[in-house]
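# Close look at the chain arrangement
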Amino acid sequence: MPTKNDTNFDSCASFFIDNGAYQGRLIRLNDVLNTILSKHRYPRPVSAVIAECSVLGAMLSSMLKYDGLFTLQTQSNGVINMVVVDVTSSGKIRACARYDEKRLEQNQALRKTSGEIEPTPHLLGGGHLAFTVDQGPSTQLYQGIVDLQGKTLSECALRYFKQSEQIDTDLKLFLKAPEGDSQSWAAAGIMLQKMPSDGGKKTSLDEESIAENWNQAKIFMESLTEDEVFNAALSSEELLHRLFHANNLNISNTKNYSFGCRCSREKLLNTLSTFSEADINAMVENNKITATCNFCSEKYVFDKGEIMKQ
Ligand SMILES: [Zn+2]
């Protein structure tokens, strides 16, 4: 028996139930999340939003076949006005957020219970959630977008599936903030989706049974509890068997996640070279410019001449 929980977390299990009529994902993150967060010094409410957006990003990207980069990005007018989560096809995740410190302090002061985690949409405010898939030059950029409406982040994501994809989908996200001696965050999500009728696996069920079984499958999915999903002693396979043992469960594969940043000196130099001379001059200190990666906080130092030469 594994004694450490890392074998059961930082992974996505893909599965089919009911003879391939529905597909699903179960994602549980802990170490990868804590590494992402350790790159920043975000206040607790911002870390919570990053954690929830990371698991949603991992989930949405796991539904797509791509070779490149998936990005989930929010733009909004709330206390946290931007969140970016990148997931590469090889499972490297990185994330960052932009927020208004003053407004966050005011917001926290107004809250009655300080330890409680505020729902993500409250902190994001009005705006949108977009995701893109970039598979490199000479390929088409795939983009999805939805208004940030709903009480929870899951509700926002479900609106996307309803409006844009029009495929019956259900999902549930879980978040666990550090408490007591535990310094670690964990997040998880489970998702079910009807297979499109014009593709995917062939099912032996007729349309009527597919509709009927869908409601039942959703109820099983919804029955997953926070205690179960964050129980490190339970493998994802065991959890799925608990939920769907009567639904002809077929776990097709598991994918692992780790932290990874794709920044480099060269990339930052290219970005800086697009700035105007006045902007560059405003950044120069002792003839040097220091640029910090938003995702991993790595610092890169350039000579002014090096940038102007580009
Ligand atoms: Zn970086």
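Residues numbered from 1 in each chain as written. Predicted model: local features only at pLDDT ≥ 70, side-chain atom pairs only at ≥ 80, totals over all residues. Heavy atoms only, no water.

In this structure the tally under the stated criterion is nine aromatic pairs. Between Tyr22 and Trp214, the aromatic rings sit 5.3 Å apart at their centres with planes inclined by 50 degrees, giving tilted as the arrangement. One end of the pair, Tyr22, is in strand β2 (residues 22-29); the other, Trp214, is in helix α6 (residues 207-222), and 192 residues separate them in sequence. Considered together, Tyr22 and Trp214 belong to a single accessibility category, that of buried residues. Here Tyr160 and Phe161 contribute two aromatic rings whose centre-to-centre distance is 5.5 Å and whose plane-to-plane angle is 70 degrees, an arrangement assigned as edge-to-face. (Phe/Tyr/Trp six-rings, centres within 6.5 Å; stacked < 30°, edge-to-face > 60°. Helix = DSSP H or I, 4+ residues; strand = E, 2+ residues; numbered from the N terminus. Buried < 20%, exposed > 50% of the residue type's maximum accessible area, 1.4 Å probe, protein only.)

So, on to the side chain of Arg94. Position of Arg94 among the secondary structure elements: in strand β5 (residues 92-99). The exposure class of Arg94 is buried, given its relative accessible area of 9%. Looking at Arg94, its side chain comes within polar contact range of the side chain of Asp86, at 2.8 Å. (Polar contact = N/O pair within 3.5 Å; in protein donor to acceptor, adjacent residues only side chain to side chain.)

With that settled, consider the coordination of the zinc ion. In the first shell of the zinc ion, the protein supplies Cys261 (SG), Cys263 (SG), Cys293 (SG) and Cys296 (SG), at 2.2 to 2.3 Å from the metal. Classification of the site at the zinc ion as tetrahedral follows from its four donor atoms and the range of 104 to 117 degrees in their angles at the metal. Summarised as a motif, the one-chain spacing of the donors to the zinc ion is C-x1-C-x29-C-x2-C. One end of the pair, Cys261, is in the loop between β11 (258-259) and α9 (265-272); the other, Cys296, is in the loop between β12 (288-292) and β13 (299-303), and 35 residues separate them in sequence. Note on Cys261: relative accessible area 24%, which makes it partly exposed. (Donors = N, O, S within 2.8 Å, 3.2 Å for Na, K, Ca; no water. Tetrahedral: all angles 85-135°; square planar, octahedral: opposite > 155°, others 65-115°.)

Our focus in this paragraph is the domain arrangement of the protein chain. According to the domain assignment, the protein chain contains domain 1 (9-259) and domain 2 (265-308). For domain 1 versus domain 2, the distance between C-alpha centres works out to 35 Å. The interface of domain 1 with domain 2 comprises eight residues on the first partner and four residues on the second. In this assembly, domain 1 packs against domain 2 so that about 510 Å² is buried in total across both faces, 65% of it on carbon and sulfur atoms. Broken down residue by residue, the surface that domain 1 buries against domain 2 is led by Lys39, Arg94 and Cys96, which jointly contribute 64%. Scanning the region where domain 1 abuts domain 2 turns up two residue pairs in polar contact (both at pLDDT 80 or more). Counting residues per element, the ones that place at least two in the side of domain 1 that touches domain 2 are β4 (80-88) and β5. Per element, the largest residue contribution to the side of domain 1 that touches domain 2 is three residues, and it comes from β5. Here the side of domain 1 that touches domain 2 is built from residues that sort into four nonpolar, one polar and three charged. (Domains from an automatic or database assignment. Contact = heavy atoms within 4.5 Å. Buried area = accessible area lost by both parts, 1.4 Å probe. Nonpolar A, V, L, I, M, F, W, Y, C, P; charged D, E, K, R; others polar.)

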